[in-house]
Each structure stands twice: as C-alpha cells, then as structure tokens.
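Spelled out from the first residue to the last, the chains are:
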Amino acid sequence: VGTVVGTLGDRWLVRVASESVEARRALSCLVAPELGDAVLVASHREGVHVLAVLDRPSEGPLHLAIEGDARLAATG
C-alpha cells in the first residue's frame, strides 16, 4: 500500500514505505488516482502497477478513466 505523491504524464509517483516508485495504472483500476490517495500497488518484472484506489482523503466526484474503446453492460 502506498500514497500518490505526484504525477508523471500517464504514470503516478507512489510513496511506498521510505521510497517513491513510478507506477502505471492497471487496466482493471477504473478510478483514476489523485494526489494523496492510498493505493494498492504490485511490483513485478515489468514494473509497478496501481491496482486499486483504496481511500481518498478529500471529497468530490470520482473520475473513472478508461483507455481506448469501451463497452459498458448492465443487467436488470
């Protein structure tokens, strides 16, 4: 778990423990991270990904972000 401390274009700077890492947003993470957000990150051979936004200290509308074409389906 880390905290978003900066943005780098389409990437985020996330403070994890005592270091900052550059992370990309995972395809499944639809909520766009913002400064101060607590995020779940995964580190692997290809780099670091933000998997989910866990908590946001500020209030306001969520920004859902989807890269490329998308289709939304609802049942009921």
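See the structure above.
Calculation rules
- For every chain, the first residue of the written sequence is number 1, and numbering continues from 1 onward in sequence order.
- Local features in this predicted model are restricted to residues whose pLDDT is 70 or higher, and side-chain atom pairs enter the listing and the counts only when it is 80 or higher, whereas totals over whole chains, interfaces and linings include all residues.
- To get the side-chain values, all heavy atoms of the structure are used, and hydrogens and water are removed first.
- Numbering of helices and strands runs from the N terminus, with a helix taken as a DSSP run of H or I at least four residues long and a strand as a DSSP run of E at least two residues long.
- Only protein chains enter the accessibility calculation, which uses a 1.4 Å probe; a residue whose area is less than 20% of its type maximum is buried, one above 50% is exposed, and one in between is partly exposed.
- Contacts are assigned to residue pairs with any non-hydrogen atoms lying within 4.5 Å of each other.
- Two strands are counted as paired when DSSP detects at least two bridges linking them.
- Angles run from 0 to 180 degrees between N-to-C directions of axes, and those axes are lines fitted to C-alpha atoms, restricted for helices to the stretch in contact.
- In this description, a nonpolar core means a group of buried Ala, Val, Leu, Ile, Met, Phe, Trp, Tyr and Cys residues linked to one another through side-chain atoms lying within 4.5 Å.
- Each salt bridge in this description consists of a side-chain nitrogen of Lys or Arg and a carboxyl oxygen of Asp or Glu lying within 4 Å of one another.

## Examining the overall build of the chain
So, point 1. Check the secondary structure of the chain and you find 0 helices and 5 strands.
So, point 2. Secondary structure elements of the chain, listed N to C terminal, follow the sequence β-β-β-β-β.
So, point 3. With respect to the principal axes defined by its C-alpha atoms, the chain has extents near 45 × 30 × 20 Å.
So, point 4. Buried positions account for 28% of the 76 residues belonging to the chain.
So, point 5. Long-range contacts, defined as pairs at least 24 residues apart, comprise 40% of the intrachain contacts of the chain with a sequence gap of at least 6.

## Description of the sheet that holds strand β2 (residues 11–16)
So, point 1. Strands sit in the order β1-β2-β3-β5-β4 around a closed barrel of 5 strands; the barrel is mixed. Taken over all neighbouring pairs, the strand axes of this sheet differ in orientation by 50° on average, direction set aside.
So, point 2. By the bridge criterion, 5 bridges tie strand β1 (residues 2–8) to β2 in an arrangement that is antiparallel. If you follow Thr7 over to β2, its bridge partner there is Trp12.

## Remarks on the nonpolar core
So, point 1. Counting 11 residues, the largest nonpolar core consists of Val4, Trp12, Val14, Val21, Ala23, Ala26, Cys29, Val39, Val41, Val48 and Val50.
So, point 2. Listing elements by their share of this core, those giving two or more residues are β2, β3 (19–25), β4 (38–44) and β5 (47–55).
So, point 3. When near neighbours in sequence (up to four residues on either side) are disregarded, Trp12 contacts Val4, Gly6, Thr7, Val21, Glu22, Ala23, Arg25 and Pro33.

## A closer look at the pattern of salt bridges
Oppositely charged side chains are able to pair whenever their charged atoms sit close together.
So, point 1. A full pass over the atoms with the stated rule returns 5 salt bridges.
So, point 2. Where Asp37 meets Arg56, a salt bridge forms, and the shortest distance between an N and an O atom there is 2.6 Å. Pair noted here: Asp37 is in the loop between β3 and β4 and Arg56 is in the segment after β5, with a separation of 19 residues, a long-range link. Residues Asp37 and Arg56 agree in their burial class; the two are buried.
So, point 3. By sharing partners, the salt bridges in this structure join Asp10, Arg11 and Glu22 into a single network.

## Focus on the environment of Val53
So, point 1. Within the secondary structure, Val53 is located in strand β5.
So, point 2. Sequence separation between Val53 and Ser20 is 33 residues; the distance between their C-alpha atoms is 17 Å.
So, point 3. The residues contacting Val53, other than those within four sequence positions of it, are Cys29, Val31, Pro33, Asp37, Ala38 and Val39.

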